[in-house]
Amino acid sequence: MSAFSHYPKAQTEFKIPLLAGDNAFLGDLFSSDKTNPDKPISAGLYRLEKGEALTYTYKYDEMKIILDGDFTISDETGQKVEATKGDVFFFPNGSTITFTTTNFGLAFYCGQRKHSDF
């Protein structure tokens, strides 16, 4: 039997590691790869600050919920959404997504992949 995990105040106190450039941050809070290596999921926080866009090609399925701020999210099909707090997205394996923001955006994600330090 395994106990659940808890990260109190993660949205305000977790120091999200730099992912790319000087304005894109991403960090896994939890991953199930040790307890379920055949079907791992990882969840954490993504923050983008005003500046360079981030374009990412997914190698796994992922969902994001916008917690604060705003994003402009577009894909290679031409779809484009002005995302705000409370919006939920599904990014399928193989999709290429571009994220931009007017000031900053903060999102919680859950992806079907092992823990990563990117």
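Scroll up to find the structure this text is about.
Below, the structure is looked at part by part.

Here is what the cut-offs are and how they apply
- Counting from 1, residues in each chain are numbered in the order their sequence is written.
- Whole-chain, interface and lining totals are the exception, using all residues; otherwise, since this is a predicted model, local features are given only for residues with pLDDT of at least 70 and side-chain atom pairs are given and counted only at 80 or more.
- The side-chain quantities take in all heavy atoms of the structure and omit both hydrogens and water.
- Planes of paired rings set the category: under 30 degrees apart is stacked, over 60 is edge-to-face and the rest tilted, where pairs are Phe, Tyr or Trp rings (Trp by its six-membered ring) whose centres lie within 6.5 Å.
- Numbering goes from the N terminus for both helices and strands, where a helix is a DSSP run of H or I of at least four residues and a strand is a run of E of at least two.
- For each residue, the accessible area found with a 1.4 Å probe, counting protein chains only, is set against the maximum for its type, and the residue is called buried under 20%, exposed over 50%, and partly exposed in between.
- Placement of a charge over a ring requires the Lys NZ or Arg CZ to be within 6 Å of the ring centre, with the centre-to-atom vector within 35 degrees of the ring normal.
- Polar contacts here mean pairs of N or O atoms no more than 3.5 Å apart (in protein, one a potential hydrogen donor and the other a potential acceptor; neighbouring residues in sequence count only if both atoms are side-chain atoms).

1. Description of the packing of aromatic side chains
Phase 1: This structure, assessed with the given rule, holds ten aromatic pairs.
Phase 2: Taking the centre distance of 5.6 Å and the plane angle of 15° together, the rings of Tyr 46 and Phe 71 count as stacked. Here the residue Tyr 46 occupies a position in strand 3 (residues 42–49), and Phe 71 occupies one in strand 5 (residues 62–75), the gap between them amounting to 25 residues. Comparing Tyr 46 with Phe 71, the two get one shared label, buried.
Phase 3: A connected cluster of aromatic rings, assembled from ring pairs, spans Tyr 46, Tyr 56, Tyr 58, Tyr 60, Phe 71, Phe 89, Phe 91 and Phe 99.
Phase 4: The ring of Tyr 46 carries the charged tip of Lys 64 above its face, separated from the ring centre by 5.1 Å.

2. Brief notes about the environment of Tyr 60
Phase 1: The topology assignment puts Tyr 60 in the loop between strand 4 (54–57) and strand 5.
Phase 2: Counting along the chain gives 54 residues from Tyr 60 to Lys 114, while the straight-line C-alpha distance between them is 9.9 Å.
Phase 3: Looking at Tyr 60, its side chain comes within polar contact range of the side chain of Tyr 56, at 3.2 Å.
Phase 4: Polar contacts involving the side chain of Tyr 60 include one to the side chain of Arg 113, which spans 3.4 Å.

Spatial relationships are all this shows, so hold off on functional conclusions.
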